[in-house]
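# Structural characterization, general
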Amino acid sequence: MSTGFPQAGARFTGKHVLVFGAGASGEGWSNGKAAAFAYGREGARVVCIDLSPEAAGTTAEAIREAGGEALALTADVTDSASVKAAVEQAVAAYGPPAVLHNNVGVTHMGGPVELSEKDFEASVALNLGSVYRTCKAVIPHFVTAGRGVIINISSLAAIRWSGYPYFAYYATKAAVNQATVALAMQYARQGIRANCVLPGAIDTPLIYRQIAGQYASVEEMQAARARMVPLGRMGTAWDIAEAALFLASDQAQFITGVSLPVDGGQSCAMQPLP
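An account of the accompanying structure is given in this report. Residue numbers run consecutively from 1 along every chain, following the written order of its sequence. Owing to the predicted nature of the model, reporting of local features is limited to residues with pLDDT of at least 70; listing and counting of side-chain atom pairs is limited to 80 or more, with chain, interface and lining totals taken over all residues. To obtain the side-chain values, all non-hydrogen atoms of the structure were used and water was disregarded.

## Some details on the sheet that holds strand E7 (residues 259-262)
Whether two strands pair comes down to DSSP finding at least two bridges between them. Every helix listed is a DSSP run of H or I at least four residues long, and every strand listed is a run of E at least two residues long, numbered separately from the N terminus. A sheet is described by the order of its strands in space; here seven strands give the open sequence E3-E2-E1-E4-E5-E6-E7, paired in parallel fashion. Two strands lie at the open edges of the sheet, namely strand E3 (69-74) and E7, each paired on one side alone. Here the average twist between neighbouring strands, direction ignored, is 20 degrees. Its contacts with the sheet place helix H8 (residues 237-248) against strand E4 (99-102), strand E5 (148-153), strand E6 (192-199) and E7, and it is angled at close to 165 degrees to E6. What counts as an axis is a line fitted to C-alpha atoms, over the stretch in contact for a helix, and the angles between N-to-C directions run from 0 to 180 degrees. Whether two residues are in contact is decided by their heavy atoms: any pair within 4.5 Å suffices.

## Considerations on the packing of helix H3 (residues 80-94) against helix H4 (residues 117-145)
Contact geometry for H3 and H4: axes closest at 8 Å, N-to-C directions at 35 degrees. Regarding H3 and H4, the two cross each other, and that crossing is right-handed. Here Ser80, Val83, Lys84, Val87, Glu88 and Val91 of H3 come into contact with H4, specifically with Arg133, Thr134, Ala137, Val138 and His141. Side-chain classes are defined by residue name, with Ala, Val, Leu, Ile, Met, Phe, Trp, Tyr, Cys and Pro counting as nonpolar, Asp, Glu, Lys and Arg as charged, and the others, Gly among them, as polar. The class makeup of the residues in the contact of H3 with H4 is five nonpolar, three polar and three charged. For any helix crossing, the convention is left-handed if the near helix is rotated counterclockwise from the far helix by under a right angle, and right-handed if that rotation is clockwise.

## Description of the packing of aromatic side chains
For this analysis, a ring pair means two rings from Phe, Tyr or Trp (six-membered ring only for Trp) whose centres lie within 6.5 Å, classed as stacked if their planes differ by under 30 degrees, edge-to-face if by over 60, and tilted for the remaining angles. The full count for this structure, using the stated rule, is 10 aromatic pairs. Where Tyr164 meets Tyr215, the ring centres are 6.2 Å apart and the plane angle is 80 degrees; that geometry is what we call edge-to-face. In this pair, Tyr164 sits in the loop between E5 and helix H5 (167-186) while Tyr215 sits in the loop between helix H6 (205-210) and helix H7 (218-228), placing the two residues 51 residues apart along the sequence. For the pair shown, Tyr164 and Tyr215 are each scored as buried. Put simply, the rings of Trp161, Tyr164, Tyr166, Tyr169, Tyr170 and Tyr215 touch in pairs and so form one group of aromatic residues. Over the ring of Trp29 we find Lys33, and its NZ or CZ is 4.7 Å from the ring centre. Exposure categories follow from relative accessible area, calculated using a 1.4 Å probe and restricted to protein chains: below 20% of the type maximum is buried, above 50% is exposed, and the middle band is partly exposed. Counting as a charge over the ring demands two things of the Lys NZ or Arg CZ atom: a distance within 6 Å of the ring centre and an angle within 35 degrees of the ring normal.

## Brief notes about the pattern of salt bridges
Take a side-chain nitrogen of Lys or Arg and a carboxyl oxygen of Asp or Glu: if they are within 4 Å of each other, that pair is a salt bridge. According to the stated counting rule, one finds five salt bridges in the structure shown. The salt bridge involving Glu242 is made with Arg11; its shortest N-O contact spans 3.7 Å. With a gap of 231 residues between them, Glu242 in helix H8 and Arg11 in the segment before strand E1 (16-20) connect regions that are remote in the sequence. Judged by its relative accessible area of 34%, Glu242 is partly exposed. A salt bridge links Arg64 to Glu61; its shortest N-O distance comes to 3.2 Å. Here the residue Arg64 and the residue Glu61 both occupy positions in helix H2 (residues 53-65), the gap between them amounting to three residues, near one helical turn. Relative accessible area serves as the criterion here: at 37%, Arg64 is assigned to the partly exposed category.

## Quick notes on the side chain of Arg11
Overall, the relative accessible area of 11% leaves Arg11 in the buried class. Engagement of the side chain of Arg11 in a polar contact is seen with the side chain of Gln251, the distance being 3.4 Å. In protein, a polar contact means a hydrogen-donor-capable atom and an acceptor-capable atom, both N or O and within 3.5 Å, with residues adjacent in sequence counting only if both atoms are side-chain atoms; elsewhere, any N or O pair within 3.5 Å suffices.

## Structural notes on the packing of helix H1 (residues 31-41) against H8
Closest axis-to-axis distance for the H1/H8 pair is 8 Å, and the angle between their directions is 50 degrees. Relative to H8, the element H1 is oriented oblique. Pair H1 / H8 crosses with right-handed handedness. On H8, the residues touching Asn31, Ala34, Ala35, Phe37, Ala38, Tyr39 and Arg41 of H1 are Ala237, Trp238, Ile240, Ala241, Glu242, Ala244, Leu245 and Ala248. Per-class residue counts for the contact of H1 with H8 are 12 nonpolar, one polar and two charged. Oblique is the label for any angle not covered by the other classes, which are roughly parallel (under 35 degrees), roughly antiparallel (over 145) and roughly perpendicular (65 to 115).

## A closer look at H2
Between its terminal C-alpha atoms H2 stretches 18 Å, which fits the 18 Å expected from 13 residues at 1.5 Å a residue. Considering only its buried residues, H2 is in contact with H1, strand E2 (45-50) and E3. Following H2 by one or two positions, Gly67 has its phi on the positive side, about 100 degrees. Given the number of residues in a helix, its expected span is that number minus one, multiplied by 1.5 Å.

Here it is as C-alpha cells:
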C-alpha cells in the first residue's frame, strides 16, 4: 500500500524552487547555498538568486555538477523592481514556482544608542523587507496555481537574547516570524503554506565576517559558540537545509505557520551548559 509520501531523494522532482540568498559570503557552505544544493539534490529545478552574480553562479554550477538543474540570477532584495524581474525570468525559464525560500539577512552590531539610523534602516530593508518583496512578486503565481510553499529563514535571535548586541537583528527577525504566521493564515485557503526555520549557533562563512569581531580571536568565537549549545557544538548549514526541505516538502503538507528552532537545544536552555 502506498504511503502517499514521495520517494526519498526525489521530494522535489519536477518542482521549481526559488532560493533568494543562494550564494555564500566566503569559502564553504552558507545556509542559502546548502539549501539550494539540497533542493537540487532532491530533484528540483533551482533558481539561485543572489546580489552577487558570482556567488549565484557558483551555487548553480555546484548543482549542475552534481547532476541537477539550476539557473543563476541576480537581484537586489531591497528593490522591488529587481526582485520582480528575477522572478519573471525564473518563471520564463522554469514555469510557476512551487517553493519560495528566503535566506537573505544581515547583522549590524549595536543597541539603539550605538546603531546608526542608516544601519537600522538597512537591517529592516534587508531582513524584513526581503520577505515582503519576494512574497509580493511570487504569491500571485502561487494563487494562480492554487498551491505554493514559503520558507523563511529567521533566527533563534527572533525569540531570545543570543548574547550579541544587535538590536536591529533581534527586532527584524522577530518580525519575520510573525510575518510568516500572517502569510500562513491569510493564504491558507488558497493552498499556500508558510513556515520559518530559526537557526541557532551555526558554523557558516557569515559568522567569520559579521560575528568574529565580537571576540579576541576566531578560535575564541568557535569555542564560545559551541558552549552556547547543549549538544556542545555548532550546527552546520546542512542542518538548516534539511529542516527547510522537510517543511517545504509534501511530507509537511499539514504544517503551516510554524517557527522551528534548529539549534541543538539552545532555545530550551536558560544558560550555557558547563
